[in-house]
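The lines below spell out each chain.
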Amino acid sequence: MEIIPSNFIEQAVINDINEKGLNKIITRFPPEPNGYLHIGHCKAVCIDFLTAQKFGGITNLRFDDTNPAKEDEEYVRSIQEDIKWLGFNWEAIYYASDYYDFLYDCAIDLIKQGKAYVCDLSADEVNAMRGTLTEAGKESPYRNRSVEENLALFADMRAGKFEDGVKTLRAKIDMAHSNINMRDPIMYRILHTTHYRQGDKWCIYPMYDFAHPLSDAKEGITHSLCSLEFEDHRPLYNWFVENCSLIKPPYPRQIEFARLNIDGTVLSKRYLQELVKGNYVDGWDDPRMPTLSALRRKGYPADAIREFCSRIGVAKSNSLVQPHILEACVRENLNANATRVMAVLQPLKVVLTNYPADKTEQCLISNNPTIENAPKHEVTFSNELYIEQEDFMEFPEGKFHRLKPDGVVRLMGAYIIKCDEVVKNEDGSIKQLNCSVIYDAQEQGIKAKGTIHWLSCKHSIPCKTRKFFNLLKEGETYQKGMLDKIINPNSLVEYNSYIEPFALEQTNAMQFVRMGYYVKDKTSTADLPVFNETVGLKDSK
RNA sequence: AGGGGUAUCGCCAAGCGGUAAGGCACAAGACUUUGACUCUUGCAUGCGGUAGUUCGAAUCUACCUACCCCUGCCA
């Protein structure tokens, strides 16, 4: 069957299959375990896994842990959890740190070929001699050491005979190259730091530019998909793969795509780190965070996030996606799947003066009106109710179809009621509404233009509902170390609300009728049950 | 002696020489025990600009312009 490409990456894969005669496609998702995965990583995960899947291939999960200073086991655990939650299965799980011996051998090979050398220049000196964007660099005075000397020195580096930063292993390429990445890039640096998996076994660590292409090649990766900022690294990627004699064709091919940017959301690990470490948020899974664990806690279905990644597409132009595309995906998914319950976010008491105080009735409410023959559940009705504060207007403006003085409204699944009296507190605020049930509305031909939700005071359960807003103040952008000044103190608003008992039994997302989509926060340790707002309903007129 | 990329509707994005897909957003209407959902309809004589090649150009060529990335012993 002919495969129709849906983006430029798939087109490139098809070309490679035809030209190189590839019989199996292998991709990899290569996170560095130095933070939690966020929605931006999710795009990459989808591209890596779905591209391979489309061609009947496989995807490896590889932790790119070549910098012991930043990495931690907590992150490798969370990353695996998040990928599984998204619904992807890796073929194998690897660690760049497991390749250290192999990479060391590759380095030796390059030294023997005269293509790598030990350099004694300090970091400052290396930077100074690299040249600039418009000027060529200068060759290191250590560039032409003999193979034997390089081999001995490199062995000494590994043996721990030098302090951090005293020596590096560099590739001998071209100090005058127009691409700065090709000006004798560093392959290994000395770092006497304990690695979270390797312990103190090593004191030299490979750089990304050296480790990544060779790790790809070792795993038989056919397509190494990464983001646009690595375009300039591709010539170097190819150089290592083509020059290391331990690597045989077919070589892996690097293809770059634009990373995800979402308007009003900062998707940088260092910003997220700062938020967590500075206690501006309640951990990596705080519902205001763009991490996958936070979105999960907030009730975003994994399928909705995958749908989002599919809708935004794959291309090479730097784009800024509007958050409402994600929200539309979530709304669409929840609308079709979520169990609906009634809840009152900001309550206003209603007393039904002509309904017996000792009477109750059971009203049937559909679990999801968009599903035909969906199960129904009972909600208890009584003479004292809560309705939503915003469903009543003492001085209605425009086309307000809900409750107003002397007006009528339908209580969903129950009666039509009429507002007879507005009872006020001493300070003039509204205390409660005295209303009467119109039992014979049908006979009288009384129709209500509006329908509102309600809850019996005695039969509902107090809870907290939380709404989230942008973490940064309006118009502010992230700046390192500026969080105190630019953080929005109102990024979280909590209400004292009520919910029907049925809601507590629900484990999946649910819709609070007309108020939006909320989900029970299973992670919360608050005394009262907590419901987080996932997405609001589409704006009504 | 700079290099590498990208420009198609408000936002994403297809298109690969034969006369501008789709989604989100928006607007109008229908339906509605929530004003949501659903449904219908509308929404680029135009593809960064200017020349050119061609019967025919978003697609090819040339020259401009704008924006993004690159001078970590980070990834």
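Structure: see above.
Below is a summary of the structure that appears in this document. (Residues numbered from 1 in each chain as written. Chains lettered and ligands numbered in written order. Predicted model: local features only at pLDDT ≥ 70, side-chain atom pairs only at ≥ 80, totals over all residues. Heavy atoms only, no water.)

## Observations concerning the sheet that holds strand S23 (residues 510-512)
Stated formally: Strands pair, by our definition, only if DSSP identifies at least two bridges between them. A run of H or I in DSSP becomes a helix once it reaches four residues, and a run of E becomes a strand once it reaches two; helices and strands are each numbered from the N terminus. By the convention used here, residues are in contact when the closest approach between their heavy atoms is within 4.5 Å. Whenever a helix is involved, its axis is fitted only over the stretch in contact; in every case the axis is a line through C-alpha atoms, and angles between N-to-C directions fall within 0 to 180 degrees.
Spatially, S10-S23-S24-S25-S21-S22-S11 is the arrangement adopted by the seven strands of the open sheet, whose pairing is mixed. Strands with a single pairing partner mark the edges of an open sheet, and in this sheet they are strand S10 (339-341) and strand S11 (343-344). Of the strand pairs in this sheet, strand S24 (residues 516-520) and strand S25 (residues 530-535) are connected by four bridges, and their pairing is antiparallel. Within S25, the position partnered with Tyr518 by the bridge is Glu533. Set on the sheet, helix H12 (residues 323-337) makes contact with S10, S24 and S25; between it and S25 the angle comes to about 120°.

## As for the nonpolar core
Put simply, the test is: Put simply, buried Ala, Val, Leu, Ile, Met, Phe, Trp, Tyr and Cys residues joined by side-chain atoms within 4.5 Å make one nonpolar core. Only protein chains enter the accessibility calculation, which uses a 1.4 Å probe; a residue is then buried when its area is under 20% of its type maximum, exposed when over 50%, and partly exposed in between.
The biggest cluster of nonpolar side chains holds 50 residues, and the ones touching the most others in it are Ile9, Phe29, Ile39, Ile83, Ile305 and Phe308. For this core, the element with the most residues is helix H2 (residues 39-54), which contributes seven residues. Dropping the residues within four chain positions of it, Ile83 is found in contact with Phe29, Leu37, Phe49, Leu61, Phe88 and Trp90. Within the second largest apolar cluster, 37 residues are counted, among which are Ile190, Ile204, Tyr205 and Val241.

## Examining the sheet that holds strand S19 (residues 451-452)
An order of S19-S16-S17-S18-S12-S15-S20 is seen for the seven strands of this open sheet, with the pairing classed as mixed. Of all the strands in the sheet, just S19 and strand S20 (454-456) have a single pairing partner and so form its edges. Note: strand S17 (residues 416-424) against strand S18 (residues 430-438), eight bridges, orientation antiparallel. Bridging across to S18, Val423 finds its partner in Gln432.

## A closer look at the protein's contact with RNA strand B
Selection rule: A cutoff of 4 Å decides nearness: a residue is near a molecule or strand if any of its heavy atoms lies inside that distance of it. Identification of polar contacts relies on pairs of N or O atoms within 3.5 Å, with a donor-acceptor requirement for protein atoms, meaning one able to donate a hydrogen and the other able to accept it, and with residues adjacent in sequence counted only if both atoms are side-chain atoms.
Lining the immediate surroundings of RNA strand B are 63 residues, of which Ala136, His401, Thr451, Val513 and Arg514 lie closest. Within 4 Å of the protein, the contacting atoms of RNA strand B are 61% sugar and phosphate, with bases supplying the remainder. The side chain of Arg130 places a nitrogen or oxygen atom 3.1 Å from a phosphate oxygen of RNA strand B. Within the backbone of Leu320, an N or O atom sits 3.0 Å from a phosphate oxygen of RNA strand B. Only helix H5 (123-129), strand S6 (186-190), helix H11 (302-312), H12 and S19 provide two or more residues apiece to the surface near RNA strand B.

## Describing the pattern of salt bridges
The cut-off we apply is this: Any Lys or Arg side-chain nitrogen found within 4 Å of a carboxyl oxygen on Asp or Glu counts as a salt bridge.
Following the criterion strictly, the structure yields 33 salt bridges and no others. A salt bridge links Glu384 to Lys349, with the shortest nitrogen-to-oxygen separation between them at 3.5 Å. Taken together, the residues Glu384 in strand S15 (residues 384-388) and Lys349 in strand S12 (residues 347-352) connect sequence positions 35 residues apart. Here Arg514 makes a salt bridge to Asp391, at a shortest N to O gap of 2.0 Å. Placement of the pair is Arg514 in the loop between S23 and S24 and Asp391 in the loop between S15 and strand S16 (408-411), with a sequence separation of 123 residues. Here Arg514 falls in the partly exposed class, since its relative accessible area comes to 31%. Look at the salt bridges and you will find they share partners, linking Arg77, Glu81, Asp82 and Arg296 into a network.

## Thoughts on the packing of aromatic side chains
The cut-off we apply is this: Aromatic pairs are defined between Phe, Tyr and Trp rings, using the six-membered ring for Trp, whenever the two ring centres lie within 6.5 Å; interplanar angles under 30 degrees are classed as stacked, those over 60 as edge-to-face, and all others as tilted.
Enumeration according to the criterion identifies 24 aromatic pairs in this entry. Ring centres of Tyr100 and Trp202 lie 5.7 Å apart, and the angle between their planes is 75°; on these two criteria the pair is classed as edge-to-face. On the criterion of sequence distance, the pair formed by Tyr100 in helix H4 (residues 100-112) and Trp202 in the loop between S6 and strand S7 (204-206) is long-range, its members being 102 residues apart. For the pair Tyr100 and Trp202, a shared accessibility class is recorded, and that class is buried. Centre to centre, the rings of Tyr104 and Trp202 are 6.0 Å apart; their planes meet at 55°, and the pair counts as tilted. Residue Tyr104 is found in helix H4, and its partner Trp202 is found in the loop between S6 and S7; the two are separated by 98 residues along the sequence.

Geometric values such as these leave the question of function open.
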